[in-house]
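For reference, the chains in residue letters:
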Amino acid sequence: MKQRFIFAFTLICSAAVGQNPWTQLEDLPAEGRVVPTGFVIDGNVYLGTGEAGQYFSDFWKYDSQSATWSQIADFPDGPWGFASSFSINGKGYVGVGFNGQTSTYSKKFWEYDPQSDTWLQKADFGGTARGHAVGFSIGDKGYIGTGYSNNTGYKNDFWEYNPQSDTWTEKANFGGDERYHAVGFSIDNKGYIGTGWVDSFYENDFWEYNPQTDSWSQKANFEGANRSGAVGFSVFGRGYIGLSHYGLFNDFWSYNPETDNWVEVEAFPGLSRSLGVGLSGGSSGFVTCGGTGALDMNDLWEYKPEPASLVEAIGHTQLGIFPNPIIDVLTVVIQTNGSIVKIEIYDSYGRLVEQNVSRKQKRVEISVDRLESGVYHLSVIDDKGRSWNQRIIKK
């Protein structure tokens, strides 16, 4: 049964965030390193391999609840670096990269099960052996593309992995130039790749992949300096890119796919570095490892933006959200010269759990019956490209 409430408008502004979103967590209790790889499952960070004068095969888990590291099963192929990773449905996947024992690039691909702490070899990557490639997941599929091999040079091919059938399918080539050390992540049901290096040139172009149409479209160029060896992640419908090759920069930039624009956000507070790793962790992004050329790091940082920091500068525009807490139906009313075109609800892990696309309406009702009790984040987009974010509670 729907509940109706008399409500007051909630003022959601683009005021500056008082708390820095960066927090230093416990250091990795192992050697600092460059070119490690990792993924996030249920808010926990899994990190391993990499190089610091020698290649490593160790793998570690950072438990976000206890704020502690523990060593898990080693990567089974031995010392490794320059690998690509993603997670799907509670499993981690690591593949391609550079074999530190044989000094060759590889096509091997492995699945990690955190419940049993075991690795299982899966079908080899479908393209040629390589390292320095981009990896991310969209829904229940994984993707690896771009990269470099000393036998075949720079790459722009792009492959999809289906864990249900354990098969690889070649997809449309990446839309930009061949490259390595690019940054990649996914936002909702799209993938993004940008920056990188090819033939002595640093890149700043940025591309969106649509798996429904198997096509690439060029988006607004990254607005920081051209770079490679940067890190990236996505949080609550925004993408983030920062740091750089050779540790020249510690700036960070946020990308809004709804408005196709970049905004500079709080700079990374640790040492500037290159060839570290950025990990998407639902409501947080993580940055760890990397090097300056003289020092290899093992520190771990969390980037946790407040909802207000995800809002573009729109002035003192009012939005009505009621009731909050919610029982079965959420009503959103916009009091401005715009109209609502999209409403999204994310859970505490940053997963999109509910979406409503409207036809330029001033008032939208969205059922939340199927959502479990808890805290969620609401994102509202209007036809002017403006966005609002608000924390909501489901009873």
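For the structure itself, look to the data block above.
Quick look at the structure, then. Note that the structure is a prediction, hence the values are computed from the model and not measured.

1. Overview of unusual backbone geometry
Okay, so step 1: Of the consecutive residues phenylalanine 322 and proline 323, the connecting peptide bond is found in the cis state with omega at -15 degrees.
Okay, so step 2: Following the sequence through the fold, proline 323 ends up in the loop between strand 29 (318-322) and strand 30 (329-335).
Okay, so step 3: In the segment running from asparagine 324 into proline 325, the intervening peptide bond is cis, with an omega of 15 degrees.
Okay, so step 4: Inspection of the secondary structure assignment puts proline 325 in the loop between strand 29 and strand 30.

2. Points about the side chain of arginine 179
Okay, so step 1: In this fold, arginine 179 is placed in the loop between strand 15 (167-171) and strand 16 (183-187).
Okay, so step 2: The exposure class assigned to arginine 179 is buried, which follows from its relative accessible area of 0%.
Okay, so step 3: Every residue in contact with arginine 179, bar those within four places of it in the chain, is listed here: Thr146, Gly147, Tyr154, Lys155, Phe174, Gly194, Thr195, Gly196, Trp197, Val198, Glu203 and Asp205.

3. Examining the sheet that holds strand 23 (residues 238-242)
Okay, so step 1: On the basis of which strands lie adjacent, the open sheet formed by four strands has the order 22-23-24-25 and antiparallel pairing. Pairing within the sheet leaves two strands with one partner each, and these edge strands are strand 22 (231-235) and strand 25 (261-265). Here the strands of the sheet are splayed against their neighbours by 25 degrees on average, with no regard to which way each runs.

4. Some details on the environment of serine 254
Okay, so step 1: You can see serine 254 is positioned in strand 24 (residues 252-256).
Okay, so step 2: The exposure class of serine 254 is buried, given its relative accessible area of 10%.

5. Details of the sheet that holds strand 2 (residues 22-25)
In a beta sheet, neighbouring strands are held together by backbone hydrogen bonds and run either parallel or antiparallel to one another.
Okay, so step 1: Overall, antiparallel pairing links the four strands, which are arranged 2-28-27-26 in an open sheet. Because the sheet does not close on itself, it has two edges, and the strands there are strand 2 and strand 26 (277-281). Strand-to-strand twist across the sheet, computed as the mean angle between neighbouring axes with direction ignored, equals 25 degrees.
Okay, so step 2: Pairing between strand 2 and strand 28 (residues 300-303): four bridges, direction antiparallel. What sits directly across from glutamine 24, in strand 28, is tryptophan 301.

6. Some remarks on the pattern of salt bridges
Okay, so step 1: In the structure shown here, the tally under the stated rule is 15 salt bridges.
Okay, so step 2: Measuring nitrogen to oxygen at the nearest pair gives 2.8 Å for the salt bridge that ties arginine 33 to aspartate 58. Placement of arginine 33 in the loop between strand 2 and strand 3 (37-41) and of aspartate 58 in the loop between strand 4 (44-48) and strand 5 (59-63) is noted, with a sequence separation of 25 residues between them. In terms of burial, arginine 33 and aspartate 58 fall into one category: buried.
Okay, so step 3: Two residues, glutamate 354 and arginine 370, come together in a salt bridge whose shortest N-O distance is 3.0 Å. One end of the pair, glutamate 354, is in strand 32 (residues 352-361); the other, arginine 370, is in the loop between strand 33 (363-367) and strand 34 (374-382), and 16 residues separate them in sequence.

7. Details of the pairing of strand 10 (residues 104-113)
Consecutive side chains of a regular strand alternate in pointing toward one face of the sheet and then the other.
Okay, so step 1: Among the 10 residues of strand 10, seven are classified as buried, and the element is accordingly described as predominantly covered.
Okay, so step 2: Pairing of strand 9 (residues 91-99) with strand 10, which is carried by seven bridges, proceeds in the antiparallel orientation. Considered in strand 10, the bridge of phenylalanine 98 is made with tyrosine 105.
Okay, so step 3: Bridging between strand 10 and strand 11 (residues 118-121) involves four bridges; their strand directions are antiparallel. By the bridge assignment, tryptophan 110 is partnered in strand 11 with glutamine 121.
Okay, so step 4: Counted along the chain from strand 10 to the antiparallel partner strand 11, the turn is four residues long, and its residue aspartate 117 has a positive phi close to 55 degrees.

8. Some details on the pairing of strand 3
Okay, so step 1: For strand 3, the buried fraction is high: five of the five residues fall into the buried class.
Okay, so step 2: Across the two faces of strand 3 the burial is the same, with Thr37, Phe39 and Ile41 and Gly38 and Val40 all buried.
Okay, so step 3: Relative to strand 4, strand 3 runs antiparallel, the two sharing five bridges. Paired with phenylalanine 39 across the strands is tyrosine 46, a residue of strand 4.
Okay, so step 4: Taking the residues that link successive antiparallel strands as the turn, the strand 3-strand 4 hairpin has two residues, and the phi of aspartate 42 there is positive, at about 55 degrees.

Calculation notes
- Residues numbered from 1 in each chain as written.
- Predicted model: local features only at pLDDT ≥ 70, side-chain atom pairs only at ≥ 80, totals over all residues.
- Heavy atoms only, no water.
- Helix = DSSP H or I, 4+ residues; strand = E, 2+ residues; numbered from the N terminus.
- Buried < 20%, exposed > 50% of the residue type's maximum accessible area, 1.4 Å probe, protein only.
- Contact = heavy atoms within 4.5 Å.
- Pairing = 2+ DSSP bridges.
- Axes fitted to C-alpha atoms, helices over the stretch in contact; angles between N-to-C directions.
- Salt bridge = Lys/Arg side-chain N within 4 Å of Asp/Glu carboxyl O.

Interpretation in functional terms is not warranted from these geometric data alone.
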